[in-house]
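Read off the chains here:
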Amino acid sequence: MLLSYLTPWGEAVNFDQAYADQVREYFINNAIYWIKEFHIDALWLDALHAIIDSSAQPFLAELAASVHQESARLGRRVYLMAESDRNDIKFFQLVELNGLGLDC
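The paragraphs below set out a description of the structure included in this document. (Residues numbered from 1 in each chain as written. Predicted model: local features only at pLDDT ≥ 70, side-chain atom pairs only at ≥ 80, totals over all residues. Heavy atoms only, no water.)

### Things to note about a nonpolar patch on the surface
- There is a patch of nonpolar side chains on the surface, built from Val 13, Tyr 26 and Phe 27 and spanning about 280 Å² of accessible area.
- With respect to the helices and strands, the residue Phe 27 is situated in helix 1 (residues 20-38).
- Since its relative accessible area comes to 33%, Phe 27 is described here as partly exposed. (Patch = residues over 30% accessible without salt bridge, like charges linked within 9 Å, V, L, I, M, F, W, Y side chains within 5 Å. Areas by Shrake-Rupley, 256 points an atom, 1.4 Å probe, with all protein chains shown as cover. Salt bridge = Lys/Arg side-chain N within 4 Å of Asp/Glu carboxyl O. Helix = DSSP H or I, 4+ residues; strand = E, 2+ residues; numbered from the N terminus. Buried < 20%, exposed > 50% of the residue type's maximum accessible area, 1.4 Å probe, protein only.)

Shown next, in the form of structure tokens:
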């Protein structure tokens with residue numbers, strides 16, 4: 001049974017339950033597409049406090065790793081900018097320090 005998380009805007013995106021792999025892949029591929037095709041240098045990630053993800057590898061850490069890997073491959077810096085009402089340093093700490101690896 002697929003549980004549904006609720007946010008102030010309705011049901012949350014499925015990042016950690018059944019069929020989440022395809023959802024995560026879609027969002028990561030979309031970010032890479034914007035970086036490669038439109039040469040953007042930053043992604044604004046809005047309302048991160050509403051992302052519910054109890055998976056072993058958090059989606060945001062996976063996204064950060066993929067974006068940073070692609071930016072290194074392209075030879076330019078791409079930033080992941082976080083907006084959250086939690087003021088949680090974990091968003092910006094390195095993955096090696098139990099953070100999510102976002103940039104600012």
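### Re unusual backbone geometry
- You will see that Tyr 19, though not glycine, has its phi angle at about 70°, which is positive.
- Within the secondary structure, Tyr 19 sits in the loop between strand 2 (10-11) and helix 1.
- Residue Tyr 19 is classed as exposed on the basis of its relative accessible area of 67%.
- For Asn 87, which is not glycine, the phi dihedral falls at a positive 50°.
- When you line up the elements, Asn 87 lands in the segment after strand 4 (79-82).

### What to know about helix 2 (residues 59-74)
- With 16 residues, helix 2 extends 22 Å from end C-alpha to end C-alpha; this agrees with the ideal 22 Å at 1.5 Å per step.
- Taken together, the buried positions of helix 2 are occupied by Phe 59, Leu 60, Ala 61, Leu 63, Ala 64, Val 67, Glu 70 and Ser 71.
- The positive-phi residue at the C-terminal boundary of helix 2 is Gly 75, with phi of around 75°. (Expected span 1.5 Å × (residues − 1).)

### Structural notes on the environment of Ala 12
- Counting through the fold element by element, Ala 12 comes out in the loop between strand 2 and helix 1.
- For the pair Ala 12 and Ile 51, spaced 39 residues apart in sequence, the C-alpha to C-alpha distance is 6.9 Å.
- Excluding residues that lie within four positions of it along the chain, Ala 12 makes contacts with Tyr 5, Thr 7, Ala 50 and Ile 52. (Contact = heavy atoms within 4.5 Å.)

### Here we look at helix 1
- The end-to-end C-alpha separation of helix 1 is 27 Å, in line with the 27 Å expected for 19 residues at 1.5 Å each.
- Within two residues after helix 1, His 39 carries a phi angle of roughly 55°, on the positive side.

### Details of the packing of aromatic side chains
- Within this structure, the stated rule accounts for seven aromatic pairs.
- With a centroid separation of 5.6 Å and an interplanar angle of 75°, the aromatic rings of Tyr 33 and Phe 38 are classed as edge-to-face.
- Take Tyr 33: its relative accessible area is 44%, and that puts it in the partly exposed class.
- When its relative accessible area of 46% is taken as the criterion, Phe 38 is described as partly exposed.
- Here the aromatic cluster, defined as three or more aromatic residues joined through ring pairs, consists of Phe 15, Tyr 26, Phe 27 and Phe 59. (Phe/Tyr/Trp six-rings, centres within 6.5 Å; stacked < 30°, edge-to-face > 60°.)

That's the geometry; what it means functionally is another story.
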